[in-house]
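Notes for the structure review
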2 protein chains.
Amino acid sequence: MKKDKVSRAVIRRLPRYYRHLSDLARQGVVRISSSALGKSMNLTASQIRQDLSCFGEFGQQGYGYNVESLRKEVADILGMTQGHTAVILGAGNLGRALLENFHFDRSGVRLTAAFDVCPEVIGHDISGVPIYPISELEQYLNAHPTSIGVLTVPGSVAGEMAERLIAGGVKGIWNFTNKELPIADSGIVVENVHFADSLLALSYFISEAT
Amino acid sequence: MKKDKVSRAVIRRLPRYYRHLSDLARQGVVRISSSALGKSMNLTASQIRQDLSCFGEFGQQGYGYNVESLRKEVADILGMTQGHTAVILGAGNLGRALLENFHFDRSGVRLTAAFDVCPEVIGHDISGVPIYPISELEQYLNAHPTSIGVLTVPGSVAGEMAERLIAGGVKGIWNFTNKELPIADSGIVVENVHFADSLLALSYFISEAT
């Protein structure tokens with residue numbers, strides 16, 4: 001179903017489609033027109049049709065989209081059905097916030113373990129996820145091939161931890177450290193979460209509005 | 001310097017420009033060509049020129065951009081020199097992660113207070129920021145007009161807290177709750193941080209790469 005060369009902008013919108021379609025499904029909506037879907041997402045009907053056409057033929061003229069089947073298709077496109085697994089490196093405030101409040105499973109990702117250096121958390125588990133000493137990372141990844149490493153360590157050790165994750169065979173790093181990671185030509189995918197970019201966009205919109 | 005109708009995509013890239021220009025300035029780079037700047041940002045030279053032309057005339061043919069003056073211009077466009085202030089609602093894990101590790105000041109925002117319901121944190125301060133009881137929010141905002149409310153409360157109270165922030169006169173909400181906020185036609189700007197969107201994009205790129 002997937003085609004080559006889908007633009008990054010479209011890919012960035014896919015998770016929003018997934019969220020909106022999930023909300024609609026929860027509300028019991030069975031089908032929706034591209035214009036109604038567009039309205040709820042602040043996109044035009046033609047943009048919706050164009051985005052989704054990158055991946056195949058979903059809608060039907062005069063009928064619109066079947067919410068549940070489109071939701072499933074988008075989930076599939078997003079790789080949510082691939083059985084991705086994740087470990088968290090760093091069980092500090094941010095790591096804990098993810099452990100306690102973020103539903104990895106709702107993104108199709110199974111969080112299997114967290115690692116830290118702090119004796120007070122090692123050996124415990126948070127929301128059912130065990131916390132191991134970081135010294136056991138290699139051993140763990142060897143025994144449990146893992147798709148995603150989540151980096152919530154201090155920036156000072158971000159590079160080193162990224163290298164250990166890559167050596168351990170992860171396919172992607174979800175990077176909260178605000179540091180550029182030394183991934184070179186490892187073939188690894190990095191997704192950076194830059195809080196500052198988001199705050200600066202807010203700052204822009206406030207300044208523009210006032 | 002600002003022009004109307006700058007596209008959202010350009011605005012979303014501005015914080016990245018700011019980050020890259022800050023890095024370059026720190027490295028002592030005085031001027032840079034649009035093609036070199038583009039290369040470091042994975043954009044084409046013509047996209048760089050086009051983006052920046054939305055805001056005025058920065059570069060000079062054959063010279064490129066003066067890093068420091070472009071950095072300042074971008075900061076100005078982003079509203080970083082407007083003296084924005086912020087309060088955090090919710091000093092749980094995520095609130096603490098922001099209090100302890102996120103440098104609001106580097107985005108031109110002064111974080112002045114945090115609010116919580118938990119007696120154990122109220123009255124203390126974290127990284128020099130005082131934690132007040134949420135019952136004092138209105139009084140505080142009244143005495144200290146605040147630009148930005150940061151929502152790191154549980155989703156169940158997100159709507160109520162947003163309403164109190166809006167009534168208290170904030171201009172923007174930085175929303176980490178994953179809930180749609182009831183902003184209606186308040187004129188408030190909301191910037192949502194959806195961790196799941198980022199994780200799903202990573203999931204997509206991993207699936208695409210393998």
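To keep things clear, this report deals only with the structure shown in the data block. Per chain, the residues get numbers from 1 upward, laid out in the order the sequence is written. Chain letters start at A and ligand numbers start at 1, both assigned in the order the entries are written. Totals for whole chains, interfaces and linings use all residues, but because this is a predicted model, local features are given only for residues with pLDDT of at least 70 and pairs of side-chain atoms are given and counted only at 80 or more. Side-chain numbers come from the whole structure's heavy atoms, not from hydrogens or water.

1. Some words on the packing of helix H5 (residues 93-101) of chain A against helix H5 (residues 93-101) of chain B
A pair of packed helices can be characterised by two numbers: the angle between their axes and the separation between those axes. For helices, the axis comes from a line fit to the C-alpha atoms of the stretch in contact; other axes are also lines fit to C-alpha atoms, and the angle between any two N-to-C directions lies between 0 and 180 degrees. What counts as a helix is a DSSP run of H or I of at least four residues, what counts as a strand is a run of E of at least two, and both are numbered from the N terminus. Interaxial distance between H5(A) and H5(B) falls to 8 Å at its minimum, and their mutual angle equals 160°. Judged by the inter-axis angle, H5(A) sits roughly antiparallel to H5(B). By crossing handedness, the relation of H5(A) to H5(B) is classed as left-handed. Where H5(A) abuts H5(B), its residues Asn93(A), Leu94(A), Arg96(A), Ala97(A) and Glu100(A) lie against Asn93(B), Leu94(B), Arg96(B), Ala97(B) and Glu100(B). Ten residue types, Ala, Val, Leu, Ile, Met, Phe, Trp, Tyr, Cys and Pro, are classed as nonpolar, four, Asp, Glu, Lys and Arg, as charged, and the remainder, Gly among them, as polar. Partitioning the contact of H5(A) with H5(B) into residue classes produces 4 nonpolar, 2 polar and 4 charged. An angle below 35 degrees is read as roughly parallel, one above 145 as roughly antiparallel, one from 65 to 115 as roughly perpendicular, and any other as oblique. Left-handed describes a crossing whose near helix is turned anticlockwise from the far helix through less than a right angle; right-handed describes the clockwise counterpart. Only heavy atoms matter for contacts: two residues are in contact if any of them lie within 4.5 Å across the pair.

2. What about the sheet that holds strand S7 (residues 148-151) of chain A?
A strand pair is defined by DSSP finding two or more bridges across the two strands. Taking strand neighbours across the sheet as the criterion, the 7 strands line up as S5-S6-S4-S3-S7-S8-S9 (chain A) in an open arrangement whose pairing is mixed. Every interior strand has two partners, whereas the edge strands, strand S5 (125-126) and strand S9 (189-192) of chain A, have only one. Two strands pair when backbone bridges link them, and strand S8 (residues 172-175) of chain A and S9(A) are joined in this way by 4 bridges, in the parallel orientation. Looking at S9(A), one finds that Gly172(A) is bridged to Val189(A). Sitting on the sheet, helix H8 (residues 195-209) of chain B is in contact with strand S3 (84-89), strand S4 (109-116), S7, S8 and S9 of chain A, with an inclination near 165° to S9(A).

3. Quick look at helix H1 (residues 8-26) of chain A
Helix span is expected to be 1.5 Å times the residue number reduced by one. Along its 19 residues, H1(A) runs 28 Å from first to last C-alpha, staying within 8% of the 27 Å computed at 1.5 Å per residue. Of all bends in H1(A), the biggest is about 25°, found at Leu14(A), and the proline Pro15(A) comes one to four residues later. Among the residues making up H1(A), those that are buried are Val10(A), Ile11(A), Arg13(A), Leu14(A), Pro15(A), Tyr17(A), Tyr18(A), Arg19(A), His20(A), Leu21(A), Ser22(A) and Leu24(A). Buried residues belonging to H1(A) abut strand S1 (31-32), helix H2 (34-41), helix H3 (45-53) and helix H4 (67-77) of chain A together with H8 of chain B. Of the residues flanking the end of H1(A), it is Gly28(A), one or two places downstream, whose phi is positive at about 85°. Note that the bend at a residue is defined as the angle between axes fitted to the seven residues ending at it and the seven residues starting at it. The classification of residues rests on relative accessible area computed with a 1.4 Å probe and restricted to protein chains. Under 20% of the type maximum is buried, over 50% is exposed, and intermediate values are partly exposed.

4. Details of the interface of chain B and chain A
A common measure of how large an interface is: the accessible area buried when the components associate. Each partner contributes to the interface: chain B provides 55 residues, whereas chain A provides 55 residues. Here chain B meets chain A over a buried area of about 4900 Å², counting both sides, of which 70% is carbon and sulfur. Considering only the surface of chain B that becomes buried against chain A, Leu199(B), Leu200(B) and Tyr204(B) emerge as the three largest contributors, covering 14% of it. The salt bridge definition used is simple: a Lys or Arg side-chain nitrogen within 4 Å of an Asp or Glu carboxyl oxygen. One can count 2 salt bridges joining chain B with chain A. Across the pair Arg19(A) and Asp197(B) runs a salt bridge, and its minimum N-O distance is 2.6 Å. Counted as a polar contact is a pair of N or O atoms within 3.5 Å, where, for protein atoms, one must be capable of donating a hydrogen and the other of accepting one, and residues adjacent in sequence contribute only when both atoms are in side chains. The tally of links from chain B across to chain A stands at 18 residue pairs in polar contact (both at pLDDT 80 or more). Only helix H1 (8-26), H5, strand S8 (172-175), strand S9 (189-192) and H8 of chain B provide two or more residues apiece to the side of chain B that touches chain A. Element by element, the count of residues in the side of chain B that touches chain A is highest for H8(B), at 15 residues. Looking at the side of chain B that touches chain A residue by residue, the classes come out as 31 nonpolar, 12 polar and 12 charged. Buried surface area refers to the total accessible area, computed with a probe of radius 1.4 Å, that the two partners give up upon joining, counted for both partners together.

5. Considerations on the nonpolar core
For this analysis, a nonpolar core means a set of buried residues of the types Ala, Val, Leu, Ile, Met, Phe, Trp, Tyr and Cys, connected via side-chain atoms within 4.5 Å. If you look at the biggest cluster of nonpolar residues, it comprises 106 residues, and the most contacted ones within it are Phe104(A), Trp174(A), Phe195(A), Phe104(B), Trp174(B) and Phe195(B). If we ignore the near neighbours within four places in the chain, the residues touching Phe104(A) are Ile88(A), Leu98(A), Val109(A), Leu111(A), Val150(A), Trp174(A) and Leu199(B). Core analysis: the next-biggest nonpolar cluster, separate from the first, contains 19 residues, Val87(A), Val153(A), Ala162(A) and Leu165(A) among them.

6. Structural notes on the relation of the copies chain B and chain A
When the copies are overlaid, the least-squares fit takes in C-alpha atoms only where the residue has pLDDT of at least 70 in both copies. In screw terms, the move from chain B to chain A is a rotation of 180° and a rise of 0.0 Å along the axis, fitting with an RMSD of 0.0 Å. Put plainly, the chains are arranged around a two-fold axis. Ranked by how close their C-alpha atoms come to the rotation axis, the residues of chain B are headed by Asn93(B), at 2.5 Å. Interface residue correspondence from chain B to chain A reaches 100%, placing this contact among same-surface, isologous pairings.

7. Digging into the pairing of strand S4 (residues 109-116) of chain B
Residue and element names in this part refer to chain B. Within S4, 7 of the 8 residues are buried, which leaves it mostly tucked inside the rest of the structure. By the bridge criterion, 6 bridges tie strand S3 (residues 84-89) to S4 in an arrangement that is parallel. Bridging across to S4, Val87 finds its partner in Ala113. By definition, the crossover connecting two strands over a helix is right-handed if that path, from the first strand to the second, turns clockwise as seen with the strands pointing away from the viewer. Read as a crossover between parallel neighbours, the route from S3 over H5 to S4 is right-handed. Note that S4 and strand S6 (residues 129-133) share 3 bridges and pair parallel. Of the residues in S6, the one forming a bridge with Asp116 is Pro133.

8. Brief notes about the packing of H1(B) against helix H2 (residues 34-41) of chain B
All names here are of chain B. H2 packs onto H1 with a crossing angle of 110° between their chain directions and a minimal axis gap of 11 Å. It follows that H1 is roughly perpendicular to H2 by the angle criterion. Packed against H1, whose contacting residues are Arg16, Tyr17, His20, Leu21 and Leu24, the element H2 presents Leu37, Ser40 and Met41 at the interface. Class assignment of the residues belonging to the contact of H1 with H2 gives a composition of 5 nonpolar, 2 polar and 1 charged.

By themselves, these figures tell us nothing about what the structure is for.
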